[in-house]
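Now for the letters of each chain:
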Amino acid sequence: MSNQRQASSASQVPHLSPAELSYLYTSLSLPKTPIRPDGRSPTQFRPLTAETNILPGTNGSARIGFADGTQAIVGVKAEVEKTILSNETLASERGAGPEPTDQEGSTTAAVGGHGSWVQMSIEIPGFRDDDALPVFLSEMMRESLVGAVGTDENSDMTGGLKGRLVINKRWHWRLYIDVLLLSQPLAYPLPLLSLTTHLALLSTKLPKLKSQGEEDPFFDDDWAVAEYLYPRSSPSTGAKISSSSSRPSFVRPPVTLLVISVGENIIFDPNREEIAVADAVLAISITRDTQAGHLRLLSIRTVDPPSRLTQPGVPNSENVNMLGAVAPTDDIAVLNPVTGEEEVPGVWRPRRGGAKRSVISEMVKTVLKKGGVGEEVLEGLEGVEVS
Amino acid sequence: MMADRRRVNGPPSGTRPAVFTADLQLGASATDRAQRQRQPSELRKIFLKTGLIPTASGSSYLEFEPSASLAAARANPKSLIPPSSALKLACTVHGPKPLPRSAAFSPNIVLTTHVKYAPFAARQRKGHIRDSGERDLGVHLETALRGAIIAERWPKSGLDITVTILEAEDDRWWGSAPDSHDASWGMMNVLAGCITAASAAIADAHIDCLDLIAGGVAALVADESGNSAAGTTKLMLDTDPAEHRSILSACVVGYMPARDEITELWLKGDSSKASLEEGDDRSGHDALIDGAVDAARGAHTVLAEAVRESLLRIVGQS
């Protein structure tokens, strides 16, 4: 119970000894060349296997498995629902009463979607639905999903995902995104869940609309002509959507990346041991909406670093058992320039305080810069064949 | 089907009140929308007082100054609906207290945060069970405070922090329909208030912290004064969402001025397209974070004064 309570927005309290933590921290904070326990480079992700459209009963689905055995499945289901009109839209309708069909396109665009049309639920073994971790993760992913607003005027995605869900003034799609973590959360599950959700949304198809304008929606029952929720632009599927939108759209679902800082180093996709010694943990959501590859930042959230919950190590000079065995000059506390705390080298101290502004800004820059990690991840996901 | 022929029943689903065109032209016009009277970098006044709840080991009450339009509407009401709302919240701290016997050993203090809107706090009634937004706020608050509290001084103890929101900020002006830039912007102001109030309450409970931690909000707001389609975006500190037509992006921080460190950062919305003023070549998110930190510095002065007052009161009592 108490372990559960301490496992707040971060994953569980790490079960590592102060000596192990200190060893990890030292090797990860080596200037310029951090040594990660699994030999990856700072920006390298864990190897993964991915497949899409595995659940026939959903509009879109995906599965991703990491090499360490953690797996997640995401299913996306869509339902048609009646829109509750607000007084203002009713009023504007009345004002434009005589010719309701004069500007079909602009009126549908003007009616923006609503954030509550996207529902997300995350199930993690060992956690209740209302525990902090699932709630925090689902709000984090839903917020970036709903917050993405397209700037591409001519595509279907002008209003972002919310705009895409509008059928007409009276009807809309409701999207249920159900995320299931199949294994125990060995590491902080955010990267896994975010990548799987991204793939599932990419593979999501909605039936083709046959009715027009403000009629009650009526759909083509041929599943083969169904349209992608996020219009695809790759050559294999480009022909299909060319009829529906004037030009291919490059809007993609957002991806949330987990970034940690250890010492002066910035490390991506940390595993369980690495996140246990992080000075600061950020979850950064990005997306891309133009072909030019310009990345857009959608949200940043700090995640509570689990290093604050760890047990401190005791330097020899303060250890009663070592009394007299060490010279008092053996371990002298030095000022860690990054955290601003006095600590004895090689002796673990739980982190205190927060992150410097320069560190946060540097972390965001590493994600967003041209040819940076964000582009690399989105390109990698583009390579997954969506059948 | 069993139709009830003896009674005239209402429609099975709800109805909505009739809206007359005459009212619409009078009421829901753009002129009625609350306008920001403050300078972009001017904060609302904050009322913060500690020690109002005697049964708790530490407590505080925080209130934001009502906007000019709300104050005018209260003095001279034209409509039953207030144009905007101002934040009011109470925070209690219980602890440090021993953990239950069954709990596992913890070398640090076990922090529990609980944020709850009163059912009457927002325009839409809130239920008695916390919804996902309130739980999310609780996690944010916990992240902010955990960085400030020196946790290893209380092994095997627990600290419960409860925030009750009596009046919440609106997410947008009540009359405008949710648009594509719509999000729960009011929650960010609430979080900033929660952080500041909780910090005062923790200080009132005499729990060691690295620094008094203050919350601040900044937002990039699309300016609608000109008719130009491009529109300039402006960085505003301490935004009241009811006063702006569209907020592009907003950021809230929990900030410790003495260490110049951020323990909690929550930024949402798209800030990349924002064109700031001439000569300002910061990217949108950097400008937002800096703005929020400035707002937090402002709140910190109020916080420090409130904590000093509470100390003086204790000294006066003994």
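Here the structure is a predicted model, which is why all the values come from computation and not from measurement.

Q: Help me understand the overall build of chain A in this model?
A: For chain A, the helix and strand inventory stands at eleven helices and 14 strands. Expressed as a percentage of its 387 residues, the buried residues of chain A come to 44%. Expressed as a percentage of contacts within chain A between residues at least 6 apart in sequence, the contacts between residues at least 24 apart total 66%.

Q: Is there a simple way to explain the overall build of chain B in this structure?
A: Scanning chain B for helices and strands turns up five helices and nine strands. Counting only residues that meet the buried cut, chain B has 48% of its 318 residues in that class. Across chain B, every contact between residues at least 6 apart in sequence was considered, and the portion connecting residues at least 24 apart equals 73%.

Q: I keep staring at helix 10 (residues 357-368) of chain A and nothing clicks. Help me out?
A: Count 3.6 residues to each turn of an α-helix, and residues three or four apart come out pointing the same way. For helix 10 of chain A, with twelve residues, the first-to-last C-alpha span of 17 Å sits near the 16 Å given by 1.5 Å per residue. For helix 10 of chain A, the full list of buried residues reads A:I360, A:M363, A:V364, A:T366, A:V367 and A:L368.

Q: Any chance you could explain the sheet that holds strand 2 (residues 60-66) of chain A here in plain terms?
A: Sheet strands associate in pairs through backbone hydrogen bonding, adopting either a parallel or an antiparallel arrangement. Residue and element names in this part refer to chain A. Within the open sheet, the five strands sit side by side as 1-2-3-5-4. Their pairing is mixed. Two strands lie at the open edges of the sheet, namely strand 1 (48-52) and strand 4 (118-123), each paired on one side alone. When the angles between neighbouring strand axes are averaged without regard to direction, this sheet yields 15°. The pairing of strand 2 with strand 3 (residues 71-82) spans six bridges and is antiparallel. Residue pairing in the sheet places I64 in a bridge with A72 of strand 3. Each of strand 1, strand 2, strand 3, strand 4 and strand 5 (171-181) touches helix 7 (residues 190-202); the most contacted strand, strand 2, lies at about 150° to it.

Q: Just to check I follow, could you spell out helix 4 (residues 186-204) of chain B for this structure?
A: Residues and elements named next belong to chain B. Helix length check: helix 4 (19 residues) gives 27 Å between terminal C-alpha atoms against 27 Å at 1.5 Å per residue, within 8%. Among the 19 residues of helix 4, 18 are classified as buried, and the element is accordingly described as predominantly covered. Looking one or two residues beyond helix 4, the residue adopting positive phi is H206, at roughly 60°.

Q: Help me understand the nonpolar core in this model?
A: Nonpolar side chains in soluble globular proteins tend to be buried together. The biggest cluster of nonpolar side chains holds 165 residues, and the ones touching the most others in it are B:L191, B:C194, B:A198 and B:A292. The leading source of residues in this core is helix 4 of chain B, at 13 residues.

Q: Looking at this structure, I do not really get the confidence of the model for chain A. What am I missing?
A: Atom-level detail of predicted coordinates should not be read off regions where pLDDT is low. Residues and elements named next belong to chain A. Taken as a whole, chain A shows an average pLDDT of 78; of its residues, 75% reach a score of 70 or greater. Contacts of residues 1-9 to residues separated by more than four positions or lying in other chains number 31 contacts, the stretch itself having pLDDT below 50. The low-confidence segment residues 234-247 (pLDDT under 50) makes 14 contacts with residues lying over four places distant or belonging to another chain.

Q: Quick question: what am I supposed to make of the environment of B:L191 here?
A: Within the secondary structure, B:L191 is located in helix 4. Dropping the residues within four chain positions of it, B:L191 is found in contact with B:L137, B:H140, B:L141, B:G215, B:V252 and B:W266.

Q: Sorry if this is basic, but what is going on with the sheet that holds strand 5 (residues 157-167) of chain B here?
A: Residue and element names in this part refer to chain B. The mixed open sheet is built from five strands, whose spatial order is 1-2-3-5-4. Single-partner strands in this sheet number two, and they are strand 1 (46-50) and strand 4 (110-117). On average, each strand axis in the sheet is tilted by 15° relative to the strand beside it, whichever way the strands run. When strand 3 (residues 88-98) meets strand 5, the two strands line up antiparallel, connected through nine bridges. Across the sheet, the residue bridging to K88 is E167, located in strand 5. Docked against the sheet, helix 3 (residues 132-146) engages strand 4 and strand 5, running at close to 140° with respect to strand 4.

Q: Whenever I open this one, the pairing of strand 3 of chain B confuses me. Can you help?
A: Looking down a regular strand, the side chains alternate between one sheet face and the other. Where strand 2 (residues 58-64) of chain B lies against strand 3 of chain B, six bridges are found, and the strand directions are antiparallel. Counterpart to B:Y61 in the pairing with strand 3 of chain B is B:A90.

Q: Help me understand the packing of helix 5 (residues 132-147) of chain A against helix 3 of chain B, please; the structure alone is not making it clear to me.
A: Each pair of packed helices can be summarised by the angle the axes make with each other and by the distance between the axes. One way to put it is that helix 5 of chain A packs onto helix 3 of chain B with a least axis distance of 9 Å and a crossing angle of 105°. Our classification of the angle between helix 5 of chain A and helix 3 of chain B gives roughly perpendicular. Note on element contacts: helix 3 of chain B touches helix 5 of chain A through B:S132, B:R135, B:D136 and B:V139, opposite A:A132, A:V135, A:F136 and A:E139. Taken together, the residues that form the contact of helix 5 of chain A with helix 3 of chain B break down as four nonpolar, one polar and three charged.

Q: Teacher, can you tell me more about the confidence of the model for chain B here?
A: Across chain B, the average pLDDT comes to 84, with 86% of residues at or above 70. Of the two predicted TM-score estimates for the complex, the pTM is 0.87 and the ipTM is 0.84.

Q: Would you mind showing me how to read the environment of A:E139 here?
A: With respect to the helices, strands and loops of the structure, A:E139 is situated in helix 5. In this structure A:E139 touches B:S132 and B:D136, once residues within four positions along its chain are discounted.

Q: Sorry, what's going on with the pairing of strand 4 of chain B here?
A: Residue and element names in this part refer to chain B. Among the eight residues that make up strand 4, six are buried, leaving the element largely enclosed by the rest of the structure. Inspection of the sheet shows strand 4 paired to strand 5 by eight bridges, in the parallel sense. Paired with V115 across the bridge in strand 5 is V163. Note that the unit made of strand 4, helix 3 and strand 5 has a crossover that is left-handed.

Q: Honestly, the environment of B:R33 in this entry has me stumped. Any pointers?
A: Residues and elements named next belong to chain B. Structurally, R33 is set in the loop between helix 1 (21-26) and strand 1. We classify R33 as partly exposed; it has 18 C-beta atoms within 10 Å. Along the backbone, R33 and W174 are 141 residues apart, and their C-alpha atoms lie at a distance of 9.0 Å.

Q: I keep staring at unusual backbone geometry and nothing clicks. Help me out?
A: Most peptide bonds take the trans configuration, and most residues that are not glycine carry a negative phi. Look at the link from B:G95 to B:P96: it is a cis peptide, with omega at 0°. Along the polypeptide, B:P96 turns up in strand 3. A positive phi angle, close to 70°, is found at A:K32, a residue other than glycine. Within the secondary structure layout, A:K32 lies in the loop between helix 2 (18-28) and strand 1. One non-glycine residue with positive phi stands out, namely B:H206, at about 60°. With respect to the element layout, B:H206 can be found in the loop between helix 4 and strand 6 (214-222). Classification of B:H206 by C-beta neighbours within 10 Å gives exposed; the count is 12.

Thresholds applied
- Residues numbered from 1 in each chain as written.
- Chains lettered and ligands numbered in written order.
- Predicted model: local features only at pLDDT ≥ 70, side-chain atom pairs only at ≥ 80, totals over all residues.
- Helix = DSSP H or I, 4+ residues; strand = E, 2+ residues; numbered from the N terminus.
- Buried ≥ 20, exposed ≤ 12 C-beta atoms within 10 Å, placed from the backbone.
- Contact = placed C-beta atoms within 7 Å.
- Expected span 1.5 Å × (residues − 1).
- Pairing = 2+ DSSP bridges.
- Axes fitted to C-alpha atoms, helices over the stretch in contact; angles between N-to-C directions.
- Core = buried A, V, L, I, M, F, W, Y, C linked by C-beta atoms within 7 Å.
- pLDDT = per-residue confidence, 0-100.
- Parallel < 35°, antiparallel > 145°, perpendicular 65-115°, else oblique.
- Nonpolar A, V, L, I, M, F, W, Y, C, P; charged D, E, K, R; others polar.
- Right-handed = clockwise from strand over helix to strand, strands pointing away.

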